[in-house]
Amino acid sequence: MKYYRRKGQVSYGEAIGIILLDSEAPFIPGDVANATTYDFPVRFQKVEGLTVQKMMDHDKSSLDKIIEAAELLQREGVRAITSDCGFMALYQTELRERLHIPVFSSSLLQIPFITQIIPYGKKIGIVTANSKSLDESVIKLCGVEDTSNLVIAGLEDEPNFSSAFLIEEGMLDTEKVEKEVVNKVLKLQRENPDIGVILLECSVLPVYSEAVQRASGLPVFDFVTMIRYVFSAVVRESSGGFM
């Protein structure tokens, strides 16, 4: 087998590029922004000034910086690009227009797929960082035309989640946040007994997916299920890795 260098590329083997917000929350194993979450190499690229608050406000003033970060990851050899915020769906269209590799900016892109595999009449329960910000305009950017099968609950008023990830006070109590997330899911189930699956929108929530599944008894999709799925498509196991 013969290998050839790529002009300007100085490291190889990172299949998934991840655009990061300018956030200083603790990102623990299981989180999208923690490299130990994956059993394959990933490459991170932070966008200066792209704050959580900007994402919650649907502020697209960072578009040029995001495109620059994505194009840099592409030049560095990644085969697909994602992010660490479900609200990056706001940039999905522009990123697809500029790049020549797959872009899956938001965990919410899984909604059309999930809709097709759950039983008729079942709904998708979505847990998001901020239900006030997750409106139809964001969801429809993910290829969702009909939102009638979605029920949404937000964590914006949960004190431990909010202090760690929205206010960014610098400390994360995983046990307390897990309890908030699980209780939110159980309340959603009680109020909507026709929910057939849970989708965790926020990139910090895969840490709690196992606890959510254990408590709810439902299939749970999150950011990491999507990333692993795309990785399995862009790097086939029989290839023995890639450059």
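This text follows the structure it describes.
Note that this is a predicted model, so its numbers are computed, not measured. (Residues numbered from 1 in each chain as written. Predicted model: local features only at pLDDT ≥ 70, side-chain atom pairs only at ≥ 80, totals over all residues. Heavy atoms only, no water.)

*Asks:* Teacher, can you tell me more about the layout of surface pockets here?
*Replies:* Over the atoms rolls a probe the size of a water molecule, and in doing so it shows where empty space is left. Looking at the largest pocket, its volume works out to about 150 Å³. Surrounding the largest pocket, Phe-104, Leu-109, Gln-110, Phe-113, Phe-221, Thr-225, Met-226, Tyr-229 and Val-230 form its lining. (1 Å grid on protein atoms, 1.4 Å probe; cavity = no way out; pocket = protein on both sides within 12 Å on 5 of 7 lines; lining within 4 Å. Points joined across faces, edges and corners; volume = space filled by probe spheres on them.)

*Asks:* How should the packing of helix α7 (residues 174-191) against helix α8 (residues 209-216) be read in this particular structure?
*Replies:* The packing of two helices is summarised by the inter-axis angle and the distance between the axes. As a packed pair, α7 and α8 sit with axes 9 Å apart at the nearest point and diverge in direction by 35°. Where α7 crosses over α8, the two elements pack in a sense that is right-handed. On the side of α7, the interface is formed by Glu-178, Val-181, Val-182, Val-185, Leu-186 and Gln-189, while α8 contributes Ala-211, Val-212, Ala-215 and Ser-216. Split by residue class, the contact of α7 with α8 holds seven nonpolar, two polar and one charged. (Axes fitted to C-alpha atoms, helices over the stretch in contact; angles between N-to-C directions. Helix = DSSP H or I, 4+ residues; strand = E, 2+ residues; numbered from the N terminus. Left-handed = near helix turned anticlockwise from the far one by under 90°. Contact = heavy atoms within 4.5 Å. Nonpolar A, V, L, I, M, F, W, Y, C, P; charged D, E, K, R; others polar.)

*Asks:* Looking at this structure, how should I read the side chain of Asp-31?
*Replies:* Its location among the elements puts Asp-31 in the loop between β1 (16-20) and β2 (42-46). One buried charged residue, Asp-31, remains without a salt bridge, the closest side chain of opposite sign being Arg-228 at 12 Å. Polar side-chain contacts of Asp-31 include one of 2.8 Å to the backbone nitrogen of Ala-33. Contact partners of Asp-31, with chain neighbours within four places excluded, come to Thr-37, Tyr-38, Ser-203, Val-204 and Val-207. (Buried < 20%, exposed > 50% of the residue type's maximum accessible area, 1.4 Å probe, protein only. Lys, Arg positive; Asp, Glu negative; His and termini not counted. Salt bridge = Lys/Arg side-chain N within 4 Å of Asp/Glu carboxyl O. Polar contact = N/O pair within 3.5 Å; in protein donor to acceptor, adjacent residues only side chain to side chain.)

*Asks:* Hey, could you run me through the packing of aromatic side chains in this one?
*Replies:* The way to describe two aromatic rings as a pair is by their centre distance and the angle between their planes. Here the structure, examined in full by the defined rule, presents four aromatic pairs. On the numbers, 3.8 Å between centres and 5° between planes, the contact of Phe-40 with Phe-231 is stacked. On the criterion of sequence distance, the pair formed by Phe-40 in the loop between β1 and β2 and Phe-231 in helix α9 (residues 223-234) is long-range, its members being 191 residues apart. With respect to burial, Phe-40 and Phe-231 carry one shared label: buried. Relative to Tyr-229, the ring of Phe-113 has its centre 6.1 Å away and its plane inclined at 25°; by these criteria the two rings are stacked. Of the two residues, Phe-113 is situated in helix α4 (residues 111-117) and Tyr-229 in helix α9; the sequence distance between them amounts to 116 residues. Accessibility expressed as a relative area gives 43% for Phe-113, which makes it partly exposed. Among the aromatic residues, ring-to-ring pairing joins Tyr-38, Phe-40 and Phe-231 into one connected group. (Phe/Tyr/Trp six-rings, centres within 6.5 Å; stacked < 30°, edge-to-face > 60°.)

*Asks:* Would you explain the environment of Thr-51 in this entry?
*Replies:* As for its placement among the helices and strands, Thr-51 is situated in the loop between β2 and α1 (52-56). According to the relative accessible area criterion, Thr-51 is partly exposed, its value standing at 28%. Between the alpha carbons of Thr-51 and Leu-20 there is a distance of 9.6 Å; along the sequence they are 31 residues apart.

*Asks:* Would you mind showing me how to read α7 here?
*Replies:* In an α-helix there are 3.6 residues to a turn, and that puts residues three or four apart on one side. Helix length check: α7, at 18 residues, gives a terminal C-alpha distance of 26 Å against a target of 26 Å (1.5 Å per residue), a fit within 8%. Looking at the packing, one finds that the buried side of α7 touches β4 (123-128), β5 (150-154), α6 (159-166), β6 (195-200) and α8. The residue sitting at the N-terminus of α7 and contributing the capping side-chain oxygen is Asp-173; that oxygen lies 3.3 Å from the backbone nitrogen of Glu-175. (Expected span 1.5 Å × (residues − 1).)

*Asks:* I tried to follow the nonpolar core on my own but got confused; where do I start?
*Replies:* Generally speaking, nonpolar side chains in soluble globular proteins are found buried as a group. Formed by 66 residues in total, the largest nonpolar core has its most connected members in Met-55, Ile-111, Ile-124, Phe-161 and Leu-205. Setting aside its immediate chain neighbours within four residues, Ile-124 contacts Ile-111, Ile-114, Thr-115, Ile-118, Asn-149, Leu-150, Val-151, Val-197 and Leu-199. (Core = buried A, V, L, I, M, F, W, Y, C linked by side-chain atoms within 4.5 Å.)

*Asks:* What exactly am I supposed to notice about the pattern of salt bridges here?
*Replies:* Side chains bearing opposite charge may pair, as long as their charged atoms lie close to each other. Tallying each qualifying case throughout the model produces 13 salt bridges. The salt bridge partner of Glu-48 is Lys-46, with a shortest N-O separation of 3.4 Å. With its nearest N and O atoms 3.6 Å apart, the salt bridge here joins Glu-136 to Lys-140. Remark: Lys-140 and Glu-136 occur in helix α5 (residues 136-140); sequence separation between them is four residues, near one turn of the helix. Taken together, the salt bridges that share partners define one network made up of Glu-14, Arg-43 and Glu-76.

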